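If you want the building blocks of each chain, they are given just below.
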Amino acid sequence: MAFEVNDNNFEEIVLKSDKTVIVDFWAEWCGPCRMITPIIEQIGTEYSGRVFVAKCDVDENPGVTLKFGIRNIPTVLFFKDGKVVDKQVGAVPKTHFYNKLNALL
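Residues numbered from 1 in each chain as written. Predicted model: local features only at pLDDT ≥ 70, side-chain atom pairs only at ≥ 80, totals over all residues. Heavy atoms only, no water.

Enquirer: Sorry, what's going on with the packing of aromatic side chains here?
Expert: Between two aromatic rings, the relevant description is the distance of the centres plus the angle of the planes. Using the criterion set out here, one finds six aromatic pairs in the structure. For the pair Phe3 and Phe52, a centre-to-centre distance of 5.8 Å together with 50° between the ring planes defines the contact as tilted. Taken together, the residues Phe3 in strand E1 (residues 3–4) and Phe52 in strand E3 (residues 51–57) connect sequence positions 49 residues apart. Judged by relative accessible area, Phe3 falls into the partly exposed class, the value being 39%. A relative accessible area of 26% means that Phe52 is categorised as partly exposed. (Phe/Tyr/Trp six-rings, centres within 6.5 Å; stacked < 30°, edge-to-face > 60°. Helix = DSSP H or I, 4+ residues; strand = E, 2+ residues; numbered from the N terminus. Buried < 20%, exposed > 50% of the residue type's maximum accessible area, 1.4 Å probe, protein only.)

Enquirer: I'm lost on the pairing of E3 in this one. Help?
Expert: Looking down a regular strand, the side chains alternate between one sheet face and the other. The element E3 is extensively covered by neighbouring structure, given that six of its seven residues are classed as buried. Pairing analysis gives two bridges linking E1 to E3, with the strands arranged parallel. By the bridge assignment, Glu4 is partnered in E3 with Lys55. Summarising the sheet, strand E2 (residues 20–26) and E3 pair through seven bridges and their orientation is parallel. Note that in E3 the partner of Ile22 across the bridge is Val53. Each parallel crossover has a hand, and for E2 linked through helix H2 (residues 31–46) to E3 it is right-handed. (Pairing = 2+ DSSP bridges. Right-handed = clockwise from strand over helix to strand, strands pointing away.)

Enquirer: When you look at the pairing of E2 in this model, what are you seeing that I'm missing?
Expert: E2 sits mainly inside the fold: seven of its seven residues count as buried. Burial of the side chains of E2 extends over both faces: Thr20, Ile22, Asp24 and Trp26 are buried on one face and Val21, Val23 and Phe25 on the other. Of the strand pairs in this sheet, E2 and strand E4 (residues 75–80) are connected by five bridges, and their pairing is antiparallel. Its bridge partner lying in E4, Asp24 is registered against Val76.

Enquirer: What exactly am I supposed to notice about the side chain of Asp57 here?
Expert: Assignment of secondary structure puts Asp57 in strand E3. Only 2.9 Å separates the side chain of Asp57 from the backbone nitrogen of Asp59, close enough to count as a polar contact. For Asp57, the contacting residues outside a window of four places in its chain are Trp26 and Ala27. (Polar contact = N/O pair within 3.5 Å; in protein donor to acceptor, adjacent residues only side chain to side chain. Contact = heavy atoms within 4.5 Å.)

Enquirer: Is there a simple way to think about the sheet that holds E2 in this case?
Expert: The strands making up a sheet associate through backbone hydrogen bonding, with each pair oriented either parallel or antiparallel. Spatial strand order, E1-E3-E2-E4-E5: five strands in an open sheet with mixed pairing. The open sheet has two edge strands, E1 and strand E5 (83–89), and neither has a second partner. Lying over the sheet, H2 contacts E2, E3 and E4, oriented at roughly 160° with respect to E2. (Axes fitted to C-alpha atoms, helices over the stretch in contact; angles between N-to-C directions.)

Enquirer: Before we go on, may I ask you to explain the pattern of salt bridges in this structure?
Expert: Where side chains of opposite charge bring their charged atoms close, a pairing between them can arise. Evaluation of the coordinates by the stated rule reveals three salt bridges. Its salt-bridge partner being Asp24, residue Lys55 comes within 2.7 Å of it at the nearest N-O pair. Of the two residues, Lys55 sits in strand E3 while Asp24 sits in strand E2, which places them 31 residues apart along the sequence. Here Lys55 matches Asp24 in class, with each residue buried. For the salt bridge of Asp86 with Lys100, the shortest nitrogen-to-oxygen distance reads 3.1 Å. Note that Asp86 is positioned in strand E5 and Lys100 in helix H4 (residues 94–104), a separation of 14 residues in sequence. For Asp86, a relative accessible area of 24% corresponds to the partly exposed category. (Salt bridge = Lys/Arg side-chain N within 4 Å of Asp/Glu carboxyl O.)

Next up, the structure:
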């Protein structure tokens, strides 16, 4: 299950993590966001202990959204050592996410 991050806890949970982190920037009204939700949840289960999976609602967290230049959703950012190391914009097949993630591990 993906952990909900927000403007208040993003730095502590994502940027200071000692694991690779993926953050799904999404919104309730976004159809493509709902399409990738099962993929994000599956990654959280399959990579448990190795990868931290989070979701960030762009409508409720404008600070983080602005800081990382999120203009389109869904956007999934891949973090390692507190830095963005990869990005996926739009709904894509799960193999795209797995390939990006495996390259970071």
